[in-house]
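Given next are the chains, with one letter for each unit.
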Amino acid sequence: RQRQMCIRDRYGKPIATFQREYRMQVAARWLVETELSVAEIAGRLGYENPNKFSSAFKRVIGETPSAYRRARR
């Protein structure tokens, strides 16, 4: 509980939101810098379902993982 308050106080958001946004930033970097598939990236970040990962990525980043990769290569 104390750790959650620290994260919220420092970053202004709940720890779950902070963690999700951090994972999506990692995913964004991997999409541009590696040849890993979207499904492989999803799995490495703890998503069992690539569709749920894609939805979370779009919610945080604003576009699908595939569109993000295409636009930045």
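Provided above is the structure to which this section pertains.
The shown structure was predicted, so the numbers you read here are calculated from the model rather than taken from an experiment.

Reading guide: rules and limits
Residues numbered from 1 in each chain as written. Predicted model: local features only at pLDDT ≥ 70, side-chain atom pairs only at ≥ 80, totals over all residues. Heavy atoms only, no water. Axes fitted to C-alpha atoms, helices over the stretch in contact; angles between N-to-C directions. Helix = DSSP H or I, 4+ residues; strand = E, 2+ residues; numbered from the N terminus. Parallel < 35°, antiparallel > 145°, perpendicular 65-115°, else oblique. Contact = heavy atoms within 4.5 Å. Nonpolar A, V, L, I, M, F, W, Y, C, P; charged D, E, K, R; others polar. Salt bridge = Lys/Arg side-chain N within 4 Å of Asp/Glu carboxyl O. Expected span 1.5 Å × (residues − 1). Phe/Tyr/Trp six-rings, centres within 6.5 Å; stacked < 30°, edge-to-face > 60°. Buried < 20%, exposed > 50% of the residue type's maximum accessible area, 1.4 Å probe, protein only.

Caption draft 1: Representation of the packing of helix H2 (residues 15-33) against helix H4 (residues 50-61) in the model. For the pair H2 and H4, interaxial distance at closest approach is 10 Å and the crossing angle is 100°. Considering the angle they form, H2 stands roughly perpendicular to H4. Along its contact with H2, which presents Arg20, Glu21, Met24, Ala27, Ala28 and Leu31, the element H4 presents Phe53, Ala56, Phe57, Val60 and Ile61. Grouping the amino acids of the contact of H2 with H4 by side-chain chemistry returns nine nonpolar, no polar and two charged.

Caption draft 2: A look at the pattern of salt bridges. By the definition in use, this model includes four salt bridges. With a shortest N-O distance of 3.4 Å, Glu35 and Arg73 are connected by a salt bridge. A residue pair is termed long-range when its members are at least 10 positions apart, and Glu35 in the loop between H2 and helix H3 (38-44) and Arg73 in the segment after helix H5 (65-71) qualify at 38 residues.

Caption draft 3: Summary view of H2. Given a rise of 1.5 Å per residue, 19 residues ought to cover 27 Å, and the 27 Å separating the end C-alpha atoms of H2 matches this to within 8%. Buried residues along H2 sit against H3, H4 and H5.

Caption draft 4: Region of the structure containing the packing of aromatic side chains. The tally for this structure, following the rule as stated, stands at three aromatic pairs. Ring centres 5.5 Å apart and planes at 65° place the aromatic pair Tyr47 and Phe53 in the edge-to-face group. With respect to burial, Tyr47 and Phe53 carry one shared label: buried. A ring pair is formed by Phe57 and Tyr68, whose centres lie 5.5 Å apart and whose planes are at 80°; its orientation type is edge-to-face. With Phe57 in helix H4 and Tyr68 in helix H5, the pair connects residues that are 11 residues apart, well separated along the chain.

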